[in-house]
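# Report on the structure
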Amino acid sequence: MSVAPVYDPVIHATGRLQVCAVLAGVDEAEFAMVRDTVGVSDSVLSKHLKALEDAGYLKVRKAPLDGRSRTWAALTEAGRRAFAGHVAELTRLASLTAP
Amino acid sequence: MTDPDEARRALESIRDARTSVLQRLENIHWGYDLAYGAVIALLVGGQGLPQPFSILTVPIALGGLAVMVRWWRAKTGIWVSGYTPRRPRWVAFGLAAILITLMLGNLYASRILHLWWAPLAAGGAAFVLGIVFGRWWMRVYRKELLETGA
């Protein structure tokens, strides 16, 4: 199924694109894993997650693991669609003057 | 945004993030595959055992699966259901169809034909299939993650 290319400024912001790239490939990911993968601080990642949550692209839940409460993040269906559309737009743009 | 170079850099950053995720999966011990095969073998082979063993194998296998999921989450920091990613899900559906067939064949062979070795044969086949399909699923998943943005 093809996705309509749509630029999304919420997703495109530095850091958030990588957060979405990680989350779009999995069902859910733990906060520390996303933080280490994207290479940002706890507070910066929290801001990214909040922005995505406010846009309706992400949901967060707390779950115990190894005796500690961990934060798990997952893209919503709207978030997955928006990310797919954004990637389609990036791909379209990148192909305009492909070397 | 209309800059093709910026778009290329953005796509590259997506691939970098995905590669990082995949590197975490590289460190999964091969024992996980064996454990998965054993759980599947117990689930499929156990159905041909006499009562109450056939019933007992179900909670034991499902309990083992729950422990494996918990371990995977703690080790990798991610969770991916076998049926979520687009292309790999067909590998999971294929395995499920074969295992159900194997389970029904096991029931028929052990309950109707009274072949004592049927649970062993079905369990052994399920063990091998679980490992082979598990590795196949992972290969398709890696490919999809790196090839596609979404």
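Residues numbered from 1 in each chain as written. Chains lettered and ligands numbered in written order. Predicted model: local features only at pLDDT ≥ 70, side-chain atom pairs only at ≥ 80, totals over all residues. Heavy atoms only, no water.

## Side note on the packing of helix α5 (residues 77-94) of chain A against helix α1 (residues 4-26) of chain B
Here is the rule we go by: Lines fitted to C-alpha atoms define the axes here, with helix axes fitted over just the stretch in contact, and angles between the N-to-C directions of these axes take values from 0 to 180 degrees. Only runs of H or I of at least four residues qualify as helices and only runs of E of at least two qualify as strands under DSSP, and these elements are numbered from the N terminus. What sets the label is the angle itself: under 35 degrees gives roughly parallel, over 145 gives roughly antiparallel, 65 to 115 gives roughly perpendicular, and the rest give oblique. Should the near helix be turned counterclockwise from the far one by less than a right angle, the crossing is left-handed, whereas a clockwise turn marks it as right-handed. We call two residues in contact when some of their heavy atoms are within 4.5 Å. By the convention adopted, Pro, Cys, Tyr, Trp, Phe, Met, Ile, Leu, Val and Ala count as nonpolar, Lys, Arg, Asp and Glu as charged, and the other residues, Gly among them, as polar.
At a minimum axis separation of 8 Å, α5(A) and α1(B) run at an interaxial angle of 130°. The angle between α5(A) and α1(B) places the two elements in the oblique class. α1(B) is crossed by α5(A), and the crossing has left-handed handedness. Where α5(A) abuts α1(B), its residues F83(A), V87(A), L90(A), T91(A), L93(A) and A94(A) lie against P4(B), A7(B), R8(B), A10(B), L11(B), I14(B) and R18(B). Partitioning the contact of α5(A) with α1(B) into residue classes produces ten nonpolar, one polar and two charged.

## Some words on the pairing of strand β2 (residues 58-65) of chain A
A regular strand places its side chains so that they alternate between the two faces of the sheet. Residues and elements named next belong to chain A. The following threshold applies: By the convention used here, strands pair only if DSSP detects at least 2 bridges between them.
Note: β2 against strand β3 (residues 68-75), eight bridges, orientation antiparallel. Within the sheet, the bridge partner assigned to V60 lies in β3 and is A73. Between β2 and β3, which pair antiparallel and follow one another directly, the connecting turn spans two residues, one of which, D66, has a positive phi of 55°.

## Here we look at the interface of chain B and chain A
Quoted interface sizes are often the accessible area lost when the parts come together. Our working rule: Simply put, the buried area is the total loss of 1.4 Å probe accessible area from both parts when two parts are fitted together. Salt bridges, as used here, are contacts in which a Lys or Arg side-chain nitrogen is within 4 Å of a carboxyl oxygen on Asp or Glu. Whenever a nitrogen or oxygen atom comes within 3.5 Å of another N or O atom, the pair is scored as a polar contact, on the condition that within protein one atom can donate a hydrogen and the other can accept it, and that pairs from neighbouring residues in sequence are kept only if both atoms are in side chains.
Between chain B and chain A, the contact holds 30 residues from the first and 32 residues from the second. Interface area, chain B with chain A, both sides summed: about 2,500 Å², of which 64% is carbon and sulfur. Where chain B packs against chain A, one counts two salt bridges. Between D36(A) and R24(B) there is a salt bridge, and its shortest N-O distance comes to 4.0 Å. The interface formed by chain B and chain A includes eleven residue pairs in polar contact (both at pLDDT 80 or more). Where the side of chain B that touches chain A is concerned, the elements lending two or more residues are α1, α3 (53-76), β1 (78-79) and α5 (118-147) of chain B. The element best represented in the side of chain B that touches chain A is α1(B), accounting for 14 residues. Class assignment for the residues of the side of chain B that touches chain A results in 15 nonpolar, eight polar and seven charged.

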